[in-house]
Amino acid sequence: MEGEKIDLKTAFALFKDEKHIDRPVMMGVLKDVFMTQLTKTFGTADNFDVIINVDKGDCEIYQNLEVVETVENPNTQISLEEVNKSGDDYELGETFTRRVELKDFGRRGILNIRQNLQGRIMDIEKANLYNKYTDKIGEIFTGEIYQNFSKELLILDEDGNELRLPKSEQIPGEHFKKNESVRAIIKSVEMKNNTTPYIVLSRTSEDFLRKLFEQEVPEIYDGLITIKKVVRIPGERAKVAVESYDDRIDPIGACIGVKGSRIIGIVRELRNENIDVLQWTSNTQLLIQRALNPAKISSIDMGTGEDDKIKVFMLPEEVKKGIGKGGCNIKLASMLVGREIEVWREVPKDDEAGEDEDEDVLLSEFSNEIDPWVIERLQAIGCDTAKSVLALDPEDIAKRADLEDETVEDVMNILREEFEEE
């Protein structure tokens with residue numbers, strides 16, 4: 001037993017230097033570890049004093065025993081006869097103090113102390129890591145890729161802590177290699193089953209785009225320009241609404257930079273995601289017009305309630321521009337104003353109809369090939385001619401007219417054949 005020791009100096013160094021744990025916490029944990037083991041070994045720790053000497057790297061433990069005539073509990077009492085064997089002169093009721101050696105804990109007790117101390121260090125390390133990154137949520141992190149898994153990237157910080165970039169938080173189509181540097185925003189920090197904190201990064205978050213603008217545009221960082229709202233379809237397109245509190249500053253020009261010098265770096269970071277910068281306004285109709293640019297809007301029906309869909313009417317040649325590729329433009333505009341927007345084809349008056357209108361064909365002419373109820377559904381969303389249907393995105397038609405994708409595809413094939421024959 002004499003040879004059994006706990007290397008407290010190493011333990012202190014582990015706390016102070018590697019884990020960055022301050023002195024009061026370090027002393028408290030070490031004392032608690034020994035008090036816990038004293039309770040297990042002796043049944044109670046109430047009559048023990050534990051003195052931690054951080055500078056020397058040692059620990060002194062003293063047991064306080066009551067001097068009695070007859071010992072009933074050897075862990076708290078000592079007989080008068082035994083205590084006076086060494087020539088001391090104690091009286092009944094006094095306290096005799098003896099030093100507890102490490103060997104008194106036994107081999108199992110020493111092992112428990114080691115394991116408990118190691119566990120407490122790990123718990124504090126986890127808590128410190130959790131608090132460190134919780135305070136950094138919403139900040140941009142730059143790190144090196146350590147492992148590239150199919151479902152996530154494992155990234156290490158400067159202290160060797162693991163951060164993860166899930167596939168769902170990566171921009172579609174982007175690929176990374178091991179040891180490559182990557183930038184992302186710290187999205188969340190979770191504790192799962194008392195394991196190491198699970199730190200999640202994101203490159204698809206609107207906040208990531210917001211922070212990139214803060215880094216690239218000094219006026220935003222300084223508070224002269226405010227980003228009012230950011231909406232994204234990652235890898236496709238984004239809209240950033242900005243506002244300046246200084247009339248001398250052009251918020252859009254400041255964000256884009258001379259010849260696009262500021263925004264080009266953001267676009268490259270986001271794998272060529274198209275970014276529309278527009279001026280914010282509290283006027284919803286004006287905001288919609290700016291969001292759907294370059295499409296020209298004829299009129300807007302805001303509906304009677306906040307839950308109603310906003311109907312935007314456009315001339316046939318403007319519809320495709322308003323909806324955008326794959327419905328991207330209209331989706332982002334809806335996200336920007338916080339209400340669903342539908343693009344409706346405006347039917348020109350007879351005296352304003354051009355030659356293209358004369359070449360169009362009414363849907364009612366296809367009643368032999370398209371079910372009447374399908375034609376009625378299409379007419380209900382403002383599509384009364386063949387070209388008005390072909391001008392819209394199939395997914396948009398299916399959603400607005402409540403039709404199956406296959407049905408919409410069949411209808412569009414029939415209508416295309418009409419003009420191909422011509």
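Higher on the page you've got the structure.
Residues numbered from 1 in each chain as written. Predicted model: local features only at pLDDT ≥ 70, side-chain atom pairs only at ≥ 80, totals over all residues. Heavy atoms only, no water.

Q: Before we go on, may I ask you to explain the sheet that holds strand S13 (residues 299–301) in this structure?
A: Strands in a sheet are paired, the pairing made by backbone hydrogen bonds, and the direction either parallel or antiparallel. Here we have three strands laid out as an open sheet, ordered S13-S14-S15, and mixed in their pairing. At either margin of the open sheet sits one strand with a lone partner, and together these are S13 and strand S15 (341–345). Pairwise comparison of adjacent strand axes, ignoring direction, gives a mean angle of 25 degrees for this sheet. Here S13 runs beside strand S14 (residues 310–314); their pairing, made up of three bridges, is antiparallel. When the bridges of S14 are listed, Ser-299 appears paired with Phe-313. Strand contacts of helix H11 (residues 328–337): S14 and S15, with the helix running at about 135 degrees to S15, the strand carrying the most contacts. (Pairing = 2+ DSSP bridges. Helix = DSSP H or I, 4+ residues; strand = E, 2+ residues; numbered from the N terminus. Axes fitted to C-alpha atoms, helices over the stretch in contact; angles between N-to-C directions. Contact = heavy atoms within 4.5 Å.)

Q: Please clarify how the pattern of salt bridges should be interpreted in this entry.
A: It is possible for side chains bearing opposite charge to pair when their charged atoms get close. Scanning the entire structure with this criterion turns up 23 salt bridges. The salt bridge involving Asp-32 is made with Arg-120; its shortest N-O contact spans 2.6 Å. Taken together, the residues Asp-32 in helix H2 (residues 23–42) and Arg-120 in helix H4 (residues 106–134) connect sequence positions 88 residues apart. The partner of Arg-203 in a salt bridge is Glu-269, with the nearest N and O atoms 2.6 Å apart. With a gap of 66 residues between them, Arg-203 in the loop between strand S9 (198–202) and helix H5 (206–216) and Glu-269 in helix H8 (residues 263–269) connect regions that are remote in the sequence. Each member of the pair, Arg-203 as well as Glu-269, is classed as buried. Where salt bridges share partners, they join Glu-174, Arg-183, Arg-203, Glu-269 and Arg-271 into one cluster. (Salt bridge = Lys/Arg side-chain N within 4 Å of Asp/Glu carboxyl O. Buried < 20%, exposed > 50% of the residue type's maximum accessible area, 1.4 Å probe, protein only.)

Q: What exactly am I supposed to notice about the environment of Gly-265 here?
A: Within the secondary structure layout, Gly-265 lies in helix H8. You can call Gly-265 partly exposed: its relative accessible area is 31%. Along the primary structure Gly-265 and Leu-212 are separated by 53 residues, whereas in three dimensions their C-alpha atoms are 9.0 Å apart.

Q: In this structure, what is going on with the nonpolar core? I would like to understand it.
A: Within soluble globular proteins, side chains that are nonpolar generally end up buried alongside one another. Counting residues in each nonpolar core, the largest one holds 45 residues, and the members touching the most others are Ile-288 and Leu-378. No other element matches H11, which puts six residues into this core. Residues contacting Ile-288, with those up to four places away along its chain left out, are Ile-297, Ile-300, Met-302, Ile-310, Val-312, Val-337 and Ile-341. The next biggest cluster of nonpolar side chains, apart from the first, holds 22 residues, and it includes Val-217, Ile-225, Val-240 and Val-242. (Core = buried A, V, L, I, M, F, W, Y, C linked by side-chain atoms within 4.5 Å.)

Q: I'm lost on the side chain of Ser-188 in this one. Help?
A: Among the secondary structure elements, Ser-188 is positioned in strand S8 (residues 181–190). Given a relative accessible area of 19%, Ser-188 falls into the buried group. Ignoring any residue separated from it by four or fewer positions in sequence, one finds Ser-188 in contact with Ile-137, Tyr-198, Ile-199 and Val-200.

Q: When you look at H11 in this model, what are you seeing that I'm missing?
A: Residues separated by three or four positions in an α-helix point in the same direction, a consequence of the helix having 3.6 residues per turn. Here H11 lies mainly inside the structure; eight of its 10 residues are buried. When H11 is considered as a whole, its buried residues turn out to be Cys-328, Asn-329, Ile-330, Leu-332, Ala-333, Ser-334, Leu-336 and Val-337. Downstream of H11 by a residue or two, Gly-338 has a phi angle that is positive, lying close to 80 degrees.

Q: Would you take a moment to explain the packing of helix H10 (residues 316–323) against H11 for this structure?
A: Two quantities define a packed helix pair, namely the angle between the helix axes and the distance between the axes. Here H10 crosses H11 at 65 degrees, and the two axes come no closer than 5 Å. Classified by the angle between their axes, H10 and H11 sit roughly perpendicular to one another. Taken together, the residues of H11 that come into contact with H10 (itself represented by Lys-321, Gly-322 and Ile-323) are Cys-328, Asn-329 and Ile-330. (Parallel < 35°, antiparallel > 145°, perpendicular 65-115°, else oblique.)

Q: Explain a negative patch on the surface here, please?
A: Together, Glu-395, Asp-402, Glu-404, Asp-405, Glu-406, Glu-409 and Asp-410 give the surface a local cluster of negative charge. Sort the elements by how many residues they give to the negative patch and helix H16 (residues 405–421) lands first, with four residues. Its place among the elements puts Glu-409 in helix H16. (Patch = residues over 30% accessible without salt bridge, like charges linked within 9 Å, V, L, I, M, F, W, Y side chains within 5 Å. Areas by Shrake-Rupley, 256 points an atom, 1.4 Å probe, with all protein chains shown as cover. Lys, Arg positive; Asp, Glu negative; His and termini not counted. Charge placed at Lys NZ, Arg CZ, Asp CG, Glu CD.)

Q: How should the sheet that holds strand S12 (residues 274–279) be read in this particular structure?
A: Pairing within the open sheet is mixed, and its three strands lie in the order S10-S11-S12. Of all strands in the sheet, those bounded by a partner on one side alone are strand S10 (225–233) and S12. Averaged over all adjacent pairs, the angle separating strand axes in this sheet is 20 degrees, with direction ignored. The pairing of strand S11 (residues 237–244) with S12 spans six bridges and is classified as parallel. Bridge assignment links Lys-239 to a residue of S12, and that residue is Asp-276.

Q: I'm lost on the side chain of Asn-47 in this one. Help?
A: Structurally, Asn-47 can be placed in the loop between H2 and strand S1 (48–53). Apart from residues no more than four positions distant in its own chain, Asn-47 is found in contact with Tyr-62, Gln-63, Asn-64, Leu-65, Asn-75 and Thr-76.

Q: Where do I start with the packing of aromatic side chains in this structure?
A: For the coordinates displayed, the defined rule picks out four aromatic pairs. Judged by centre distance (5.0 Å) and plane angle (40 degrees), the ring pair of Phe-42 and Phe-48 falls under tilted. By relative accessible area, which is 4% here, Phe-48 ends up buried. Both rings, one in Tyr-90 and one in Phe-96, keep their centres 5.5 Å apart while their planes meet at 80 degrees; by these two values the pair is edge-to-face. Assessed through its relative accessible area of 17%, Phe-96 is described here as buried. One residue, Lys-136, lies across the ring of Tyr-133, its end atom 5.6 Å from the ring centre. Over the ring of Trp-344 we find Arg-400, and its NZ or CZ is 4.9 Å from the ring centre. (Phe/Tyr/Trp six-rings, centres within 6.5 Å; stacked < 30°, edge-to-face > 60°. Lys NZ or Arg CZ within 6 Å of the ring centre and 35° of its normal.)

Q: I would appreciate a short explanation of the packing of helix H9 (residues 284–291) against H11 in the present structure.
A: The geometry of H9 relative to H11 is characterised by a closest axis approach of 10 Å and an angle of 150 degrees between their N-to-C directions. Relative to H11, the element H9 is oriented roughly antiparallel. Between H9 and H11 lies a crossing of right-handed hand. Judged by residue contacts, Thr-284, Leu-287, Ile-288 and Ala-291 of H9 engage Asn-329, Ala-333, Leu-336 and Val-337 from H11. In terms of residue class, the contact of H9 with H11 is built from six nonpolar, two polar and no charged. (Left-handed = near helix turned anticlockwise from the far one by under 90°. Nonpolar A, V, L, I, M, F, W, Y, C, P; charged D, E, K, R; others polar.)

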